[in-house]
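Observations on chain architecture
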Amino acid sequence: MQFGIFSVGDVTADPTTGRTPTEHERIKAMLAIAQKAEEVGLDVFATGEHHNRPFVPSSPTTMLGYIAARTENLILSTSTTLITTNDPVKIAEDFAMLQHVADGRVDLMMGRGNTGPVYPWFGKDIRDGIDLAIENYALLRRLWDEDVVNWEGKFRTPLQSFTSTPRPLDGVAPFVWHGSIRSPEIAEQAAFYGDGFFHNNIFWPMEHTKQMVNLYRRRFAHYGHGAPEQAIVGLGGQVFMRKNSQDAVREFRPYFDNAPVYGHGPSLEEFTSQTPLTVGSPQQVIERTLGFRDHVGDYQRQLFLMDHAGLPLKTVLEQLDILGEEVVPVLREEFAKNRPANVPDAPTHASRVAEGFVTPVSYTTPATQDATQEVTQEVTQEGSAA
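Re the packing of helix α2 (residues 60-69) against helix α3 (residues 88-101)
Each packed pair of helices is defined by two parameters, the angle between the axes and the distance between the axes. Viewed as axis vectors pointing N to C, α2 and α3 meet at an angle of 5°, and their least axial separation amounts to 10 Å. Viewed along their axes, α2 and α3 adopt a mutual orientation that is roughly parallel. Together, Thr 61, Leu 64, Gly 65 and Ala 68 of α2 and Asp 94, Phe 95, Leu 98 and Val 101 of α3 make up the contact between the two elements.

Written out as structure tokens, the structure reads:
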């Protein structure tokens, strides 16, 4: 099982000092955090993609290329690549290039993004979000899997005899996760292609996460990729730790109370009881994280959000030390226990090359309007029964 961290790259004032880091300081902090992740033995560093303040990671491949040159084992990923507002041709080229730079230590997570104003900035309409995600990804797959592409769709100019360069490393495209919190259409898309599904459950109760993951697993099997338990699942999470749980709560409370993403809403105690946020001792984090398996079954990737809400770099690096030294080794051991033999590991470039991974030469697109309505109704019915 893979363990790692993801960063949203927010520039937020430290509520205990009132100081806001500069964009330069925040970018440099993210680079230091990624290198620390490898140092403490984590498997993955993922960065978001944002084009609006207060966030800074507008060019993920630039950042990940820098990190690739300063790490040896870390898998470099995104926690969102905006499949809706980016040109699929540019995504295909950028991530194939990153594959070569990083010797294959690359995957990515497709997402629609949740910031409405970004769409018109890139000439798109948020009301087309789902359709953009479906059409753009269908084109992206063909650009990676076919040497010569002829294409005509609704949202971009046609392509005639086009070859995306460079070609994917070893002829194997980066593994793709489809990230969504609340859109069953995206779970359907992940299942259709046999890709991974990442549910970033940091703001939602585990019952909702369970519904979305179960839907993906069933549809993965429906499309003939394997049994439901063989589907590739990733989860998000948030933690803040100190040796003593009371110290963790006391230290983290001002950051929680003032954070733009959830401050001034539910109390810290309410939020931790209703979502996977865990603020406490390393043992509490271990127990809470192990409990995720009770909801979604055995899964392949666990990423934690740790560098947000204005937390200073020194504190984040301390958190990573605790995560790498006291938490992840126990999680690795415990998650490995009683893991069924038919549950696959998270795909990597090396494993896909070794398996002789061959992609189809062409795809139809998933989820017609009727099918989308069916899977949406499926989640709704599950929610009513829960």
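Having seen the structure, we can now continue with the description.
What about empty space enclosed by the protein?
A water-sized probe, rolled over the atoms, reveals where empty space remains. Across all of its chains, the model carries one cavity of 30 Å³ or more by this definition. In this structure, the largest cavity spans a volume of roughly 30 Å³. Along the walls of the largest cavity sit Ile 83, Met 110, Gly 111, Arg 112, Ala 133, His 178, Gly 179, Ile 186 and Gln 189, which together make up its complete lining. For the lining of the largest cavity, the secondary structure elements donating two or more residues are β5 (107-111), β8 (175-179) and α6 (184-193). Among the residues forming the lining of the largest cavity, the class breakdown is four nonpolar, four polar and one charged.

Focus: the packing of aromatic side chains
Per the counting criterion, the structure on display carries ten aromatic pairs. Ring plane angle 35° and centroid distance 5.4 Å describe the contact between Phe 197 and Tyr 216, whose orientation is recorded as tilted. Of this pair, Phe 197 sits in strand β9 (residues 196-199) while Tyr 216 sits in helix α7 (residues 206-222); the two residues are 19 residues apart in sequence, bridging distant segments of the chain. There is no split in this pair, since Phe 197 and Tyr 216 are both buried. Geometry around Tyr 66 places Arg 70 over its ring, the cationic atom sitting 3.8 Å from the centre.

Reading the values: rules and limits
- Residues numbered from 1 in each chain as written.
- Predicted model: local features only at pLDDT ≥ 70, side-chain atom pairs only at ≥ 80, totals over all residues.
- Heavy atoms only, no water.
- Axes fitted to C-alpha atoms, helices over the stretch in contact; angles between N-to-C directions.
- Helix = DSSP H or I, 4+ residues; strand = E, 2+ residues; numbered from the N terminus.
- Parallel < 35°, antiparallel > 145°, perpendicular 65-115°, else oblique.
- Contact = heavy atoms within 4.5 Å.
- 1 Å grid on protein atoms, 1.4 Å probe; cavity = no way out; pocket = protein on both sides within 12 Å on 5 of 7 lines; lining within 4 Å.
- Points joined across faces, edges and corners; volume = space filled by probe spheres on them.
- Nonpolar A, V, L, I, M, F, W, Y, C, P; charged D, E, K, R; others polar.
- Phe/Tyr/Trp six-rings, centres within 6.5 Å; stacked < 30°, edge-to-face > 60°.
- Buried < 20%, exposed > 50% of the residue type's maximum accessible area, 1.4 Å probe, protein only.
- Lys NZ or Arg CZ within 6 Å of the ring centre and 35° of its normal.

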